[in-house]
Amino acid sequence: MPDPSYVHLREQGVSLLLQYRLGHPVRVVHWGADLGDVEDASAEALAAADLPAHRINDVDHPVLLTLPVSGHDGYTGHPGLSGSRDGRDWSPNFVLHRPPTVASDSCRLSLADEETQLRLDLTVTMYPGGLVGLRATLTNDGPQYNVQDLVLALPVPARADELLDLAGRWGRERVPQRRSFTVGTHLREQRRGRTGADAATVLHAGTGGFGFAGGEVWAVHTAWSGNHVHYAEFNHTGYKLLGGGELLLPGEILLAEGESYRTPEVFASYGVGLDEVAARFHAYQRGRDRPVDTHRPVTLNVWEAVYFDHDLTRLCALAERAAQVGVERFVLDDGWFGSRRDDTSGLGDWVVSKEAWPNGLGPLVDKVAGLGMQFGLWFEPEMVNPDSDVARAHPERILAARDEWPAPARHQQVLNLAVPECFDHVLTQMSAVLSEYAIGYIKWDHNRDLVEAGDRTHGGRPAVHDQTLAVYRLMAEVKRRFPQVEIESCSSGGGRVDLAVLRHTDRVWVSDNIDPHDRQEMLRWTSQLVPPEYQGSHIASGRSHTTGRTHDLNFRAATAVFGHLGVEWDLTAADDTDLAELGAWIAFYRAGRDLLLSGTTIRLDGCPDGVMVHGVVSPDRERALFAYVLLANPLASPTPRLVLRGLRPQAQYRLRPRLVGTVPSGLVAPPWWGKPEPASFPDRPGDLAEAGVPSYPGVVLPGAALMHAGVMPPRLHPDQAVIFEVTQT
Ligand code: DGJ
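On a predicted model such as this, the values are computed, not experimentally measured, just so you know.

1. Remarks on the overall build of the protein
Here is step 1 of the chain: Scanning the protein for helices and strands turns up twelve helices and 38 strands.
Here is step 2 of the chain: The globule rule puts the C-alpha radius of gyration for 729 residues at 27 Å, and the 27 Å found for the protein is close to it.
Here is step 3 of the chain: Principal axes of the C-alpha set define a box for the protein whose edges measure 80 × 70 × 40 Å.
Here is step 4 of the chain: Here the protein holds 729 residues, and 61% of them are scored as buried.
Here is step 5 of the chain: Counted over contacts in the protein with a minimum sequence separation of 6, partners at least 24 positions apart contribute 71%.
Here is step 6 of the chain: In the protein, 68 side chains carry a positive charge and 92 a negative one; their mean positions are 3 Å apart.

2. Focus on the sheet that holds strand E32 (residues 564–568)
Here is step 1 of the chain: If you trace the eight strands once around the closed barrel, you get E21-E22-E23-E26-E29-E30-E31-E32, paired in parallel fashion. Each neighbouring strand pair of the sheet contributes to a mean axis angle of 30 degrees, computed without reference to strand direction.
Here is step 2 of the chain: As judged from the two bridges shared by strand E30 (residues 507–509) and strand E31 (residues 535–540), these two strands associate in the parallel manner. Counterpart to Val 508 in the pairing with E31 is Gln 535.
Here is step 3 of the chain: Contacts from helix H4 (residues 312–325) reach strand E21 (299–301) and strand E22 (329–332), with the element oriented near 155 degrees to E22.
Here is step 4 of the chain: In the packing of helix H9 (residues 516–526) onto the sheet, contacts are made with E30 and E31, and the angle to E31 comes to roughly 170 degrees.

3. Brief notes about the pairing of strand E1 (residues 5–11)
Looking along a regular strand, one sees side chains alternate from face to face of the sheet.
Here is step 1 of the chain: Of the pairings in the sheet, the one linking E1 to strand E2 (residues 14–20) comprises seven bridges and is antiparallel in character. Bridge assignment links His 8 to a residue of E2, and that residue is Leu 17.
Here is step 2 of the chain: Following E1, the chain reverses through two residues before pairing antiparallel with E2; Gln 12 in that reversal takes a positive phi of roughly 45 degrees.

4. Notes on the side chain of Arg 593
Here is step 1 of the chain: Examined against the element boundaries, Arg 593 turns out to sit in helix H11 (residues 576–596).
Here is step 2 of the chain: Residue classification places Arg 593 among the buried residues on the basis of a relative accessible area of 6%.
Here is step 3 of the chain: Beyond its immediate chain neighbours, meaning those up to four positions away, Arg 593 contacts Thr 294, His 295, Arg 296, Pro 297, Val 298, Glu 328 and Ser 598.

5. Overview of the sheet that holds E2
Here is step 1 of the chain: A sheet is described by the order of its strands in space; here three strands give the open sequence E1-E2-E3, paired in antiparallel fashion. On the outer flanks of this sheet lie E1 and strand E3 (27–33), each paired with one strand and no other. The mean angle between the axes of side-by-side strands here comes to 10 degrees, regardless of whether they run parallel or antiparallel.

6. Section: the confidence of the model for the protein
Here is step 1 of the chain: A residue-level look at the protein finds 96% of positions with pLDDT of 70 or above and a mean pLDDT of 94.
Here is step 2 of the chain: Across residues 678–692, confidence stays below pLDDT 50; counting only partners more than four residues off in sequence or on other chains, it has 31 contacts.

7. Focus: the environment of Tyr 653
Here is step 1 of the chain: For Tyr 653, the location among the structural elements is in strand E36 (residues 652–657).
Here is step 2 of the chain: In this structure Tyr 653 comes out as buried when scored by relative accessible area, which is 1%.
Here is step 3 of the chain: As for Tyr 653 and His 228, which are separated by 425 residues in sequence, their C-alpha atoms are 46 Å apart.
Here is step 4 of the chain: There is a polar contact of 2.7 Å between the side chain of Tyr 653 and the backbone oxygen of Arg 621.

8. Some points on the pattern of salt bridges
If the charged atoms of two oppositely charged side chains come close together, the side chains can form a pair.
Here is step 1 of the chain: Here the structure, examined in full by the defined rule, presents 44 salt bridges.
Here is step 2 of the chain: Two residues, Glu 382 and Arg 496, come together in a salt bridge whose shortest N-O distance is 2.9 Å. You can see Glu 382 sitting in the loop between strand E23 (374–379) and strand E24 (383–384) and its partner Arg 496 sitting in the loop between strand E29 (486–489) and E30, a full 114 residues away along the chain.
Here is step 3 of the chain: Of the residues examined, Glu 382 reaches a relative accessible area of 2% and is grouped as buried.

9. Structural notes on the site of the ligand
Here is step 1 of the chain: Taken together, 13 residues sit near the ligand, with Asp 333, Asp 334, Lys 443, Asp 445 and Asp 512 positioned nearest.
Here is step 2 of the chain: Classifying every residue of the shell around the ligand gives four nonpolar, three polar and six charged.

10. So, a negative patch on the surface
Here is step 1 of the chain: Together, Asp 3, Glu 39, Asp 40 and Glu 44 make up a region of like negative charge exposed at the surface.
Here is step 2 of the chain: Tracing the sequence through the fold places Asp 40 in helix H1 (residues 40–49).

11. Side note on unusual backbone geometry
Here is step 1 of the chain: With an omega dihedral of -5 degrees, the bond running from Leu 67 to Pro 68 counts as a cis peptide bond.
Here is step 2 of the chain: Secondary-structure assignment places Pro 68 in the loop between H1 and strand E4 (81–84).
Here is step 3 of the chain: Here Gln 12, not a glycine, exhibits a phi torsion of approximately 45 degrees, which is positive.
Here is step 4 of the chain: Take Gln 12: it is sitting in the loop between E1 and E2.
Here is step 5 of the chain: One non-glycine residue, Arg 174, lies in positive phi territory at about 55 degrees.
Here is step 6 of the chain: Take Arg 174: it is sitting in the loop between strand E11 (160–167) and strand E12 (175–180).
Here is step 7 of the chain: A relative accessible area of 2% places Arg 174 in the buried class.

12. Overview of the packing of aromatic side chains
Here is step 1 of the chain: Applying the stated rule across the entire model yields 18 aromatic pairs.
Here is step 2 of the chain: Between Phe 181 and Phe 234, the ring centres sit 6.2 Å apart and the planes meet at 80 degrees, which makes this aromatic pair edge-to-face. Here the residue Phe 181 occupies a position in the loop between E12 and strand E13 (184–190), and Phe 234 occupies one in strand E16 (residues 228–234), the gap between them amounting to 53 residues.
Here is step 3 of the chain: Ring centres of Trp 218 and Tyr 270 lie 5.2 Å apart, and the angle between their planes is 50 degrees; this geometry places the pair in the tilted category. Placement of the pair is Trp 218 in strand E15 (residues 216–223) and Tyr 270 in strand E20 (residues 265–272), with a sequence separation of 52 residues.
Here is step 4 of the chain: Joined through ring pairs, the aromatic side chains of Trp 336, Phe 337, Trp 350, Trp 378 and Phe 379 make up one cluster.
Here is step 5 of the chain: The ring of Phe 181 carries Lys 240 above its face, with NZ or CZ at 4.9 Å from the centroid.
Here is step 6 of the chain: The ring of Trp 525 carries Arg 603 above its face, with NZ or CZ at 5.9 Å from the centroid.

13. A look at the side chain of Asn 416
Here is step 1 of the chain: Looking at the secondary structure, you find Asn 416 in the loop between strand E25 (413–414) and helix H7 (420–436).
Here is step 2 of the chain: Here Ala 418 takes part through its backbone nitrogen, which lies 3.1 Å from a polar atom of the side chain of Asn 416.
Here is step 3 of the chain: Those residues in contact with Asn 416, other than ones at most four positions away along the chain, are Arg 397, Leu 399, Cys 422, Asp 455 and Gln 467.

Cut-offs and rules
- Residues numbered from 1 in each chain as written.
- Predicted model: local features only at pLDDT ≥ 70, side-chain atom pairs only at ≥ 80, totals over all residues.
- Heavy atoms only, no water.
- Helix = DSSP H or I, 4+ residues; strand = E, 2+ residues; numbered from the N terminus.
- Rg over C-alpha atoms; globule rule 2.2 N^0.38 Å.
- Buried < 20%, exposed > 50% of the residue type's maximum accessible area, 1.4 Å probe, protein only.
- Contact = heavy atoms within 4.5 Å.
- Lys, Arg positive; Asp, Glu negative; His and termini not counted.
- Charge placed at Lys NZ, Arg CZ, Asp CG, Glu CD.
- Pairing = 2+ DSSP bridges.
- Axes fitted to C-alpha atoms, helices over the stretch in contact; angles between N-to-C directions.
- pLDDT = per-residue confidence, 0-100.
- Polar contact = N/O pair within 3.5 Å; in protein donor to acceptor, adjacent residues only side chain to side chain.
- Salt bridge = Lys/Arg side-chain N within 4 Å of Asp/Glu carboxyl O.
- Near = heavy atom within 4 Å.
- Nonpolar A, V, L, I, M, F, W, Y, C, P; charged D, E, K, R; others polar.
- Patch = residues over 30% accessible without salt bridge, like charges linked within 9 Å, V, L, I, M, F, W, Y side chains within 5 Å.
- Areas by Shrake-Rupley, 256 points an atom, 1.4 Å probe, with all protein chains shown as cover.
- Phe/Tyr/Trp six-rings, centres within 6.5 Å; stacked < 30°, edge-to-face > 60°.
- Lys NZ or Arg CZ within 6 Å of the ring centre and 35° of its normal.

Right, here's the structure in full:
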C-alpha cells in the first residue's frame, strides 16, 4: 500500500475524512460539513491543499495533525499520549501497522510504535445521526508503562473563533459560558471523581456569534463519569483543535506487559447551529439498544414531600393523592434502610429499617400497586456513612489515599467497589430488596465528590478509574438481574449527566433545584446533550425549597412538561384547586408525551433578555408544541414576535394557545388572534379546570409565515409561560 488511502465516513450532512498509509500516522483531513462523494484523487488533492505552508522557525516539513495528536512530527501542542517507562519511551510515533478495517459507518485502525513497544487501536464511528465517536485502546508490549493521559482530539477550522461550554454548581447545573477562542488552551478539568455539576458537558467552537440555528459549530463531549477533561487548543502551529479524555491521577494506569488501557469514547458533533449539534447527541441516545418508551410513566418522588419522615400512613395518603391526579410511578426516596433517620448514619446498609418500616416496605408497595402505580426506590450504592454496619465491619473498603479518611462530605465516604467482596456485598443487598418487592425503578444517587480516592487494599493507589468502571459494572449487573428496572442517574441533583452513564441508566435528575425560573435555563442547556425524555423534570410545591421563590402552578407545569414529567410536592397539603389543575396538566402531558418525548428540540435565537422560546417538533413536522416564556420584563425593547422554526415552509399550520388548568395569572393581554371572542376570554384563575380547555381557534398560517414573520405573543407577567400548539391543517 505505497500510496495514501482515505476513509470517508458520511452521515446526515457530516463528513470525516481520514488519510492513512501503512507505516505512517493517520491524518485527519476534514471533519465538518458533508463533502459529498469524494474520489481518491479529490481526497488526495484536498489532503495536499490542507498542508500548511512552511513557517520560518518551524520544523522543515509540514506539521500534520494526526490521530492521536503526536509530537513526533513537530506538533508542539498537547500530545495525544503522555506517558513513559521511567522517563523513557515518552514520544511514541504511532503508525499504521496493518490495513484498517473499514465499514460504511466505522473504521478500526491498528497503530503501533515498535521502538516504544506500544500499540494503539483506534475505533472511529460515524453514528446514524452524524455523531462521530472516537475511542482508543493502548497496549503495552514492553516493561511497565505509566500512562499519564491519552486524549483524542479533532481539528476545527480557523474560522471557529468562539468557544461555548457549560459551568454550574449544585442547584444551578449547566449554565453556559462563552469566550473567544484565543491562543492558548481552554482546559476544563474535572477532578471530582464524578461528572460534576460544573462539568463542561459539551465544549463547542463555532463561527462568530453562532446561535441555536446559525453559525457552524464543532463540539466534543467526553463520555465518562469519573475524572475527565475537555479542551480547546490554539497555538503557534496555527491549528485549532477540540479534544477530550480521562484525567488520570499519578500512577493510576500502570500497564504491565500485555496490559491495555481503553479511553472513554470522545464524541464529536458538528452542525449548523447548536440545535443541530444537540440533535446529533439526541439521535445517538435515542438510537441506543434499549431506548426509553415515550409513554414513560409520570413519576412522583417523595423527597420534597417528606424528606426523612417515613410514615406509612402519610405516604399512603400521598400515594392516594398521586394516583388521583394521574401519577403512574411512586418513588420512595432516601431514609428507608438501616439506621438512616437523617443523613448522618446508616448509608450503605441496604436492609429495610425495622424502626421506620416495622412491617417492611410491603404495605406501601402493595398500596402503590393497588392504586395502579409502579413502585420505585432510592439507593446510593457507592456511599457509606462511617456510622453504618458496613463501614464498621470493613473500614479498609473506604476509598482513601492516606491512613486518614478523606474529608467527610454530607457525613459520608465512598466505598471501593473495585474490591470484589465490596461489589458483591452491595449487589447482594440490593438484589435482595429488588427480589423481595415489585420494584420497577431505582433512583441511583451519588452525593459526594471523590476526594483523595485511593485503594487502601493496594497502599492507597489512585482509584477513580477503577471505581468508575466498577459502578458501570454494578449498574449493568443490576439491569441484567432485574431487566424490568429503569435507573435514574442522580448525583446531588444533576452531578452525573454524561453519555457513558446514560448507557446504563434511563434518565438523569437535572437538578435539586426545581424552581421553574432556574429550571428553564437548566433544561435548555441540559438539552444540549440529553434528549427531553431522559431529563427528570418535576413540578414542585409553589414555594421552591431551594430558592424560596413562589410560582404559579401554571408556570411550574408549563416548564416541567418539556422533560420526563414528575411531581415532587406534598400533595396532601395541596388544595382542591391545585389538585384539579395539576391533574389537568398531567392529563395534558399524558396526551402529548409522544410528541414531547420524541420531537426535535428547537430553541429560538434573537429573543431579548428575559424571553425564551423553545419547543419540540414532530419528526414528520406536522405537529409542534412551543413555549413562550417570560423570565423578566425586557428593557424598553419592541415586543418580540413569536417566530418559530422547524416547520415545513409550504404547509399550513394552525397555531393556538393551549391553556391548561387555569389561565396564567400573568396573562394580562392575549393577542387578538388568540381569543375565541374578546369578551369570553377567561380572566379568573379556576375558570378552566379541564385539560385542553378552552379550545382557541388561533390562527392558520403557512409554515414560512410562522418562521419568518411570526405572530404577536401574549403579554405576560415575568415568570409566566404560555404553550402554543402547532398543527398542520
Ligand atoms: C440528593 C438528591 O438529588 C435528592 O433528590 C435526594 O434524593 C437526596 N439526595 C436524598 O438524600
